[in-house]
Each structure stands twice: as C-alpha cells, then as structure tokens.
Amino acid sequence: MRPVLYWFRRDLRLADNRALSAAVETGSPVIPVYIVDSQDVGGASRWWLHNSLDALGREIKSRGGELVLREGSPERHLLELKEETGALAVYCQERYEPESRAQASRLAESIDLHAFDDNLAARPTALTTQSGTYFRVFTPFWKTATALGTPDLPLPVPAQLRFADCRPHSVPLDDLALHPNRPDWSGGLRASWSPGEAGAADLADRLESKLADYAQGRDRPDLDVTSRLSPHLHFGEISCRQVWHTVKQMELHARSTAGAEALLRQLYWREFSAYLLYHYPQLPTSPLRPEFEYFPWSDNAEHLQAWQTGRTGFPIVDAGMRQLWQTGWMHNRVRMIVASFLVKDLMIPWQRGAEWFLDTLVDADLANNSASWQWVAGCGTDAAPYFRIFNPSLQAEKFDPNGDYVRRWVPELAQKTATGYPDPIVDHRVARQRALEAYDSIKGIRTSRSVPQPGESSNRNDPPCAVATNAAK
Ligand SMILES: Cc1cc2nc3c(=O)[nH]c(=O)nc-3n(C[C@H](O)[C@H](O)[C@H](O)COP(=O)(O)OP(=O)(O)OC[C@H]3O[C@@H](n4cnc5c(N)ncnc54)[C@H](O)[C@@H]3O)c2cc1C
C-alpha cells in the first residue's frame, strides 16, 4: 500500500495529534519526517529541538518506524520524498508564522497537502469582533474565544499507527548541528529541562501541587508555581487541549478554582499572540502603533551588552538575565522587568531585546515574544502604556520580598561584601525622566495611517503628517 508522509512541525508528539490521527485514518502506512529549516534558529531552541527530535525518534523507533530527518527547504525535501517513496499525500499541522504559511501555500501547489489546525484552541480566522474586524484587545478576544466552547477532549496515540517499511535517506541527528559543541554550553539547560513528550507530561502532572498557589503566586519569581510548560507548548510536545483538560480535571479536586482559572487565562494570551501574528505579520519587526517609528531610541552597544550579560548593577534585572543565560528560561514577571528596563531605562529598541530572547530562550516563540515585547514597549495593540515605567528596585521589593531570587542568580550579592558587582549603569530617576520626554516627543505624531491594517506592513518611510503639539512646545 502506498504510504503517506507525516511532516512534523510544531507538534513533536504522538498523542492528541489530530493531523497524525488523520494520516493514520487513511489506512496507509506513515513515513514520519522532520525538516530543519531557516526558522529553526536560536541557540537554546536548537538545543531543545535536538533533544526533542531525539525523544520523538526513539518513541517512533520503539513502534517500528524511523523518523526521517532532513535539513533545508521543506518544499524540496517533501517533493523529493514523495517521488522517492510514491507517497500519496502529506499530512501536517498548520503553523501561523508568515514563513510557515508561505511554505504551506507553496507546497499545496504541487502536492496533496492536508494541513490541520491543531496548535491552538481557537483558529485565528474564526474570531472577529461584532463589527467584523480583528480583535486588538485581549479581554474581548478571550471572552469570544472561550465562548466557542470547551476544547475537544485529547486523543490517545492512534492505535492503528503503522509505519512504512521503506527507509528514505535520513540525516543523522548529530549531523544537523543543533546541539552546541566546542564549547558545549548546554549544561545549565540540561540540568533544567527534559525535552520531549514524556517531559511535558511530567510537568503537567506536577501542576496539581502548583495550582493552589498559582493565582496568588504567579508573579513571584522566588516561588516555583508556574507550569514551566512554555517550551513544551512551543514545540507541541503537549497540546493546549491536553493542558486545558488536565487543569480542568485538577480543578475538580481543588479547594478553589482561582488557580485553574488564572492558568487557563494565560493559555489564551498564547492564543492572542498567535492571533496577532496571523493578522499582523509585521508584528516581529514593526511597532503596531506607528508613532513609535519616530521614537528617539538610543542604540548603545555597551548598555546592551551589560543587559545581555546581567551586569547592569540592578539586581533583579541581572538575576533575570543570568537565569535566562543559564537555564534558557525566565519568569514572566522578570521578563517584564528586564524588558521594561531595556526599552525605557536604556531606551534601546525593543527589537534588540526580542532578538536576544529569540536566541537564548528555550521557549522562544515568534508570536509570544514579539507580542510581549511590543506590549512592554507600549507600541503594541493592547499594550502597557509607555509612561508606566517599572522601578526595578520597587518591583524587586514587591515580587522578590526576601531577595531569594536575586541571591540565587546573583550569588555575589549573597556575600557580606558584594565584590565584583557593578554599579548601576544608569540612574533610574534620570533615565525615567529621559524616557518620558522621549515619549512626549512622539505622543501626538499622526502618521498618514493611524494603525496598520491586518496583513499590511507598516512603512518606515511614511512621513509624519502632523507633529505633536507637545513636541512643538
Ligand atoms: C518580553 C517577554 C517576552 C516573552 N517571550 C516569550 C516567548 O518567546 N515564548 C513564550 O512562550 N512566552 C513568552 N513570554 C510570555 C511568558 O513570559 C511565558 O510564556 C511564561 O513565562 C512561561 O512560563 P510558564 O510556562 O511557567 O507559564 P504559565 O504561567 O504556567 O502559563 C501557562 C502557559 O501560558 C502561556 N503564557 C503564559 N503567559 C503568557 C504571555 N504573557 N504571553 C503569551 N503566552 C503566555 C505559555 O504558553 C505558558 O506556558 C514573554 C513575555 C515577555 C514579557
């Protein structure tokens, strides 16, 4: 019987995989494939991908198959594999990044492609406001998305899953150079994470003990109460449906529903970010509020390096940046603090911060990262106002009240005399004032188009057509 190709994308799992189940339902044997492409960038993400492919490959092997690994253009490899194996069709999950969408539409021209919307609870095209426009604000989006109903129950690994006997050429995993060597800097990542479907399931099981404290404690980086599922969700080692139903089950036995509700709401921030990227593909590079094209950023390389290496002299900022460097992850509250510090205290363009995060986060996700940076910078659709500037010391007092988080990641501050710890690179009060003045200078700028329309790129060359009264003062 002629096989079908199963193209793994951001769904590196066998359970609750709708596209894989559909491939199996054809009755054809399956050839599983992953193609490393130009979107698989970022050192920490590539480390994760190496380990996740390793875990998936072993799982497939234990079921009698072999995961075919390739590198380069997915279109070229899938067409080649189709020729080589006589495959009838390609099955895959749909992805929403602009490049992924372009890949799938090119591929659909020359191959029988079955792409399944399987990554999100709410398909981005399914949601519009009552007036038929796209959502720009989270809360109404969330209400509409959740009103669509309960996500479907998760599916098991398809019982009839059968792999094809043919063994097309596969690049050995080590030859893909996803894992760092010379030097191998991944020790901290290895100590912190277990990439793969089993690692995701373990963390999901552990949610039970965290939910009781989640609503109150999710902003506390010194506590371990958030799920840490973000890299597993990003790589699709667990589906949003699996997380949703796991949490709902746990809620039945919980004394309060607040933790479960708060966690499920966060899952919808992930949906909202994907929605924004789908409708505003310029999200990773251009501010959604066009006046920010004229913001007087200060691209200071020394300051950027101090921030990246956790040597700004602001303990909570440095703790976050060092946690990121060592483990590939940072607590959400601290992500907001370090991002605010970069964009407002240092006035470095948010895109520099987003690039650094994409390289160093194990959960680096084009949608979540871009939307979150625009949110902190104040230039996104439903953003924190630019003039709300975090004071890093007050944030630390509030969210790391005993200083445990800071001492853990900045150990020199745990000693009596903090030798070798840098002085603050800026004076927060002065920096705050400078940022507010810069913000005032763009506040009233009217660009020729107030807000980019969905699918349009905002044009850096558009001149402002009226200048702010404030700026003219
Ligand atoms: C500047 C900045 C950059 C960020 N970059 C990323 C990124 O590249 N990838 C990423 O997954 N998240 C990103 N986030 C969002 C958030 O910080 C992480 O999703 C969260 O810290 C992951 O930890 P957790 O799994 O324990 O979250 P939990 O609190 O347990 O939340 C459960 C899940 O909900 C989703 N989620 C939670 N908060 C958010 C949020 N604010 N936006 C979108 N989804 C959310 C995640 O998938 C997360 O795993 C960023 C936030 C900021 C402020």
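Residues numbered from 1 in each chain as written. Predicted model: local features only at pLDDT ≥ 70, side-chain atom pairs only at ≥ 80, totals over all residues. Heavy atoms only, no water.

**Let's talk about helix α11 (residues 301-308)**
Using the following cut-off: Three exposure classes are used, based on accessible area relative to the maximum for each residue type with a 1.4 Å probe and protein chains only: buried under 20%, partly exposed in between, and exposed over 50%. What counts as a helix is a DSSP run of H or I of at least four residues, what counts as a strand is a run of E of at least two, and both are numbered from the N terminus. Contact definition: two residues touch when any of their heavy atoms are within 4.5 Å. Whenever a nitrogen or oxygen atom comes within 3.5 Å of another N or O atom, the pair is scored as a polar contact, on the condition that within protein one atom can donate a hydrogen and the other can accept it, and that pairs from neighbouring residues in sequence are kept only if both atoms are in side chains.
Turning to α11, its buried residues are H303, L304, A306, W307 and Q308. Check the buried side of α11 and you find it contacts α12 (315-327), α13 (332-345), α14 (350-360) and α15 (366-377). A side-chain oxygen of the first residue of α11 lies 3.0 Å from the backbone nitrogen of E302; this N-cap is N300.

**Let's talk about the site of the ligand**
How we decide: For this description, a residue counts as near a given molecule or strand if any of its non-hydrogen atoms is within 4 Å of it. Using a 1.4 Å probe, the Shrake-Rupley method yields the accessible areas, and only the shown protein chains count as cover for residues. Using a 1 Å grid laid over the protein atoms alone, points where a 1.4 Å probe fits but cannot get out form a cavity; open sets with protein on both sides within 12 Å along at least 5 of 7 lines form a pocket; any residue with an atom within 4 Å of a point counts as lining. Whether a molecule lies in a cavity or pocket depends on its atoms, and more than half of them have to be within 2 Å of the grid points.
Around the ligand sit 28 residues, and of these Y214, T226, S227, R228 and N332 come closest. In this structure, an oxygen atom belonging to the ligand sits 3.1 Å away from a main-chain N or O atom of D365. Side-chain polar atom of N368 to an oxygen atom of the ligand: 3.0 Å apart, as the coordinates give it. When the ligand is considered free in solution it has 820 Å² of accessible area, and contact with the protein chains removes 95% of it. Its atoms largely coinciding with the cavity grid, the ligand occupies the largest pocket. Among the elements of the structure, α8 (230-234), α10 (258-279), α13 and α15 are those that each provide at least two residues to the shell around the ligand.

**A word on the layout of surface pockets**
This is how it is decided: Grid points are joined across faces, edges and corners, and a volume is the space filled by probe spheres set on the points. We call Asp, Glu, Lys and Arg charged. Ala, Val, Leu, Ile, Met, Phe, Trp, Tyr, Cys and Pro are nonpolar, and the rest, Gly among them, are polar.
Roughly 1200 Å³ of internal volume is contained in the largest pocket. Taken together, 47 residues make up the lining of the largest pocket; nearest its centre are Q266, W269, N332, N368 and S372. Sorting the residues of the lining of the largest pocket by element identifies α7 (197-217), α8, α10, α13 and α15 as the ones contributing at least two each. Counting residues per element, the lining of the largest pocket draws most heavily on α10, at ten residues. Residue composition of the lining of the largest pocket, grouped by class: 23 nonpolar, 14 polar and ten charged.

**Considering unusual backbone geometry**
For the bond from R182 to P183, the omega torsion is -5°, close enough to zero to count as cis. Positioned with a positive phi, D16 is a non-glycine residue whose angle comes to about 45°. Here D16 shows up in the loop between β1 (4-8) and α1 (18-25). Backbone geometry at A177 places phi at a positive 55°, although glycine is not the residue there. As for its placement among the helices and strands, A177 is situated in the loop between α5 (138-147) and α6 (187-192).

**Comments concerning the domain arrangement of the protein**
Many authors give the size of an interface as the accessible area that is lost as the parts come together. For the record, the criterion: Domain extents, as shown, originate in an automatic or database domain assignment. Two parts placed together each lose some accessible area under a 1.4 Å probe, and the buried area is that loss summed for both. Throughout this description, the term salt bridge denotes a Lys or Arg side-chain nitrogen within 4 Å of a carboxyl oxygen of Asp or Glu.
The domain boundaries assigned to the protein delineate domain 1 (1-118), domain 2 (120-154 + 197-279) and domain 3 (290-472). Its C-alpha centre places domain 2 at a distance of 25 Å from the equivalent point of domain 3. Every contact between the two is made by 23 residues of domain 2 and, on the other side, 28 residues of domain 3. For the pair domain 2 and domain 3, the summed buried area comes to about 2100 Å², and 57% of that belongs to carbon and sulfur atoms. The salt bridge involving D219 is made with R333; its shortest N-O contact spans 3.2 Å. Our count for the domain 2 to domain 3 interface comes out at nine residue pairs in polar contact (both at pLDDT 80 or more). Those elements that provide at least two residues to the side of domain 2 that touches domain 3 are α8 and α10. With eight residues, the top contributor of residues to the side of domain 2 that touches domain 3 is α10. When the residues that make up the side of domain 2 that touches domain 3 are grouped by side-chain class, the tally is eleven nonpolar, five polar and seven charged.

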